[in-house]
Amino acid sequence: MPELIEVELYRRVVDRAVGRRIAGVDAPDAWFCKGVDPATLVAALTGRTLEGTRRRGKLLLVDTDGPVLGLRFGMTGRVLVDGAGPIERLEYSSGRDDPAWCRFGLRFTDGGDLALIDPRRLGGVELDPDEDRLGPDAATVGRAALRDLLARSQAPLKARLMDQARLAGVGNLICDETLWRARLDPARPAGSLTPAEVGRLHRHLRATIALLTERGGSHTGDLQAQRSRDGRCPTCHRLLLRRTVGGRTTYSCPHHQR
DNA sequence: CCGGATGTTCACCT
DNA sequence: GAGGTGAACATCCG
């Protein structure tokens, strides 16, 4: 699930726990603790109070009166506070809930808790993550900054937009939906966009993020509904082109996207 | 049974 | 240096 949109929903969930004090930490999976061993993580967080939450791209940051806790969700991670997640009616899970999938947890002194559930284990937790390894957040990036991060690059437009070090938060689904709405070919060299095209991309990037957030997730796009072999362009109903761009499966309309 | 999936990192090529 | 590819992680779904 997690792209920028989902992580923002998770941030609001974790925000419910701000002000609480950590009574205990569960870190049963050393592999899930990135750059720290579980014992160090437990010691660093126990007794701390949550002071606030932030998000940069797909990285969820939890400020405490001690270290900053970084939460990543990979492809299948989600977070629960006091057993509850975001108000998500389109949760795709088929009712599975294996306790072994809880990769990290906080117990609070008020009796509540936070749990990071991640079946595929592609997410992770980190202490004091290096936030500057990420580019500006895609939800708020300015037009000039977007222009600059695309300029002079021969890489495919899609690869550049999904390069988290240059622009943070855009995942495969948001990217395809945005480029379809902006009528831009994902394989175009990033640096080949005209100023008008950059403006269009900037407008559609923000509009698409806002729309999909309102609809409830990265998977609610119009193009997403056609993301299958015989998918067709929602606008002209021609068969969509399916190929790999920037290492990811990409759908686009060869008629509309240039 | 097989392939692919909303992500990231790293080794290894060109 | 810039890009590209494939592997790895573990599970579900078509």
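Sequence order as written defines residue numbering, which begins from 1 separately in each chain. Just so you know, chain letters begin at A and ligand numbers begin at 1, following the order they were written in. For this predicted model, a pLDDT threshold of at least 70 governs which residues receive local features, and a threshold of 80 or more governs which side-chain atom pairs are given and counted, while totals over whole chains, interfaces and linings are taken from all residues. To obtain the side-chain values, all non-hydrogen atoms of the structure were used and water was disregarded.

In this structure, what is going on with the packing of helix H5 (residues 172–181) against helix H6 (residues 195–215)? I would like to understand it.
Describing two packed helices takes the angle between their axes plus the distance from one axis to the other. Geometry is summarised by axes, namely lines fitted to C-alpha atoms with helices restricted to the contacting stretch, and by angles between N-to-C directions that run from 0 to 180 degrees. Secondary structure follows DSSP: runs of H or I at least 4 residues long count as helices, runs of E at least 2 residues long count as strands, and numbering of each begins at the N terminus. Put simply, H5 and H6 touch, their axes get as near as 9 Å, and they point 125° apart. What the angle tells us is that H5 and H6 run oblique. Helix-helix and strand crossings are classified by hand; for H5 and H6 the assignment is right-handed. Touching Ile-174, Glu-177, Thr-178, Leu-179 and Arg-181 of H5 are Leu-201, His-204, Leu-205, Thr-208, Ile-209, Leu-211, Leu-212 and Arg-215, all from H6. Here the residues of the contact of H5 with H6 are counted per class, giving 7 nonpolar, 3 polar and 3 charged. Angles below 35 degrees are treated as roughly parallel, those above 145 as roughly antiparallel, those between 65 and 115 as roughly perpendicular, and all remaining angles as oblique. The sense of a crossing depends on the near helix, which, turned anticlockwise from the far helix by less than a right angle, makes the crossing left-handed and, turned clockwise, makes it right-handed. For this analysis, residues touch if any pair of their heavy atoms sits within 4.5 Å. Each residue receives one of three labels: charged for Asp, Glu, Lys and Arg, nonpolar for Ala, Val, Leu, Ile, Met, Phe, Trp, Tyr, Cys and Pro, and polar for the others, Gly being one of them.

Explain the nonpolar core to me, please; I cannot follow it from the model alone.
Generally speaking, soluble globular proteins have nonpolar side chains that are buried together. Of all hydrophobic cores here, the largest spans 29 residues; its most connected members are Leu-41, Leu-45, Phe-104, Leu-106 and Val-125. Discounting residues that sit within four places of it in the chain, Leu-106 has contacts with Ile-22, Gly-24, Val-25, Leu-45, Leu-69, Gly-112, Asp-113 and Leu-114. As used here, the term nonpolar core means buried Ala, Val, Leu, Ile, Met, Phe, Trp, Tyr and Cys residues forming a set that is joined through side-chain atoms within 4.5 Å. Relative accessibility under 20% of the residue-type maximum defines a buried residue, over 50% an exposed one, and the middle range a partly exposed one, all with a 1.4 Å probe and only protein chains included.

When you look at the domain arrangement of chain A in this model, what are you seeing that I'm missing?
In many analyses, interface size is given as the accessible surface area lost on bringing the parts together. According to the domain assignment, chain A contains domain 1 (4–132) and domain 2 (135–252). For the purposes of this description, domain bounds are those given by an automatic or database domain assignment. Inter-centroid distance (C-alpha atoms) of domain 1 to domain 2 is 28 Å. Listed by partner, the interface residues are 10 residues for domain 1 and 19 residues for domain 2. Throughout, buried area stands for the accessible area (probe radius 1.4 Å) lost by two parts on being put together, summed over both. Summing the contributions of domain 1 and of domain 2, the shared interface buries around 1100 Å²; its carbon and sulfur component is 56%. It is Leu-4, Ile-5 and Lys-58 in domain 1 that bury the most area against domain 2; as a group they hold 46% of the surface buried on that side. The term salt bridge refers to a pairing of a side-chain nitrogen on Lys or Arg with a carboxyl oxygen on Asp or Glu at a separation within 4 Å. Seen at the junction of domain 1 and domain 2, the total is 1 salt bridge. Across the salt bridge formed by Asp-137 and Arg-55, the nearest N and O atoms sit 2.6 Å from each other. Those elements giving two or more residues to the side of domain 1 that touches domain 2 turn out to be helix H1 (4–15) and strand E2 (50–56). At 4 residues, the largest contribution of residues to the side of domain 1 that touches domain 2 is made by H1. Taken together, the residues of the side of domain 1 that touches domain 2 sort by class into 4 nonpolar, 1 polar and 5 charged.

What exactly am I supposed to notice about the sheet that holds strand E3 (residues 59–64) here?
For sheets, the rule is that strands pair by backbone hydrogen bonds, running either parallel or antiparallel. Two strands make a pair as long as DSSP finds a minimum of two bridges between them. Taken in spatial order, the 4 strands line up as E2-E3-E4-E8 in an open sheet, and their pairing is antiparallel. Across the chains shown, the open sheet's two edge strands, defined by having one partner strand only, are E2 and strand E8 (124–127). Neighbour-to-neighbour, the strand axes of the sheet open up by a mean angle of 20°, direction not taken into account.

How should I be thinking about the environment of Leu-150 in this particular structure?
With respect to the secondary-structure elements, Leu-150 resides in helix H3 (residues 143–150). According to the relative accessible area criterion, Leu-150 is buried, its value standing at 2%. Between the C-alpha atom of Leu-150 and that of Gly-191, which follows or precedes it by 41 residues, the distance is 5.3 Å. Ignoring sequence-local partners within four residues, the contact set of Leu-150 consists of Leu-157, Arg-160, Leu-161, Ala-190, Gly-191, Leu-193 and Leu-201.

Before we go on, may I ask you to explain the environment of Arg-227 in this structure?
Looking at where Arg-227 falls in the secondary structure, it is placed in the loop between H6 and strand E9 (241–245). In sequence terms Arg-227 and Thr-213 are 14 residues apart; their C-alpha atoms lie 19 Å from each other. Dropping the residues within four chain positions of it, Arg-227 is found in contact with Asn-172, Leu-173, Asp-176, Thr-249 and Tyr-251. At 2.5 Å, the side chain of Arg-227 forms a polar contact with the side chain of Asp-176. In protein, a polar contact means a hydrogen-donor-capable atom and an acceptor-capable atom, both N or O and within 3.5 Å, with residues adjacent in sequence counting only if both atoms are side-chain atoms; elsewhere, any N or O pair within 3.5 Å suffices.

Could you clarify how one ought to interpret H5 in this entry?
Three- or four-residue spacings in an α-helix give side chains the same orientation, since the helix completes a turn every 3.6 residues. The buried fraction of H5 is high, at 8 of 10 residues. For H5, the full list of buried residues reads Asn-172, Ile-174, Cys-175, Asp-176, Glu-177, Thr-178, Leu-179 and Trp-180. Tucked into the core, H5 has its buried residues touching H1, helix H4 (157–161), H6 and strand E10 (248–252). Within two residues after H5, Arg-183 carries a phi angle of roughly 60°, on the positive side.

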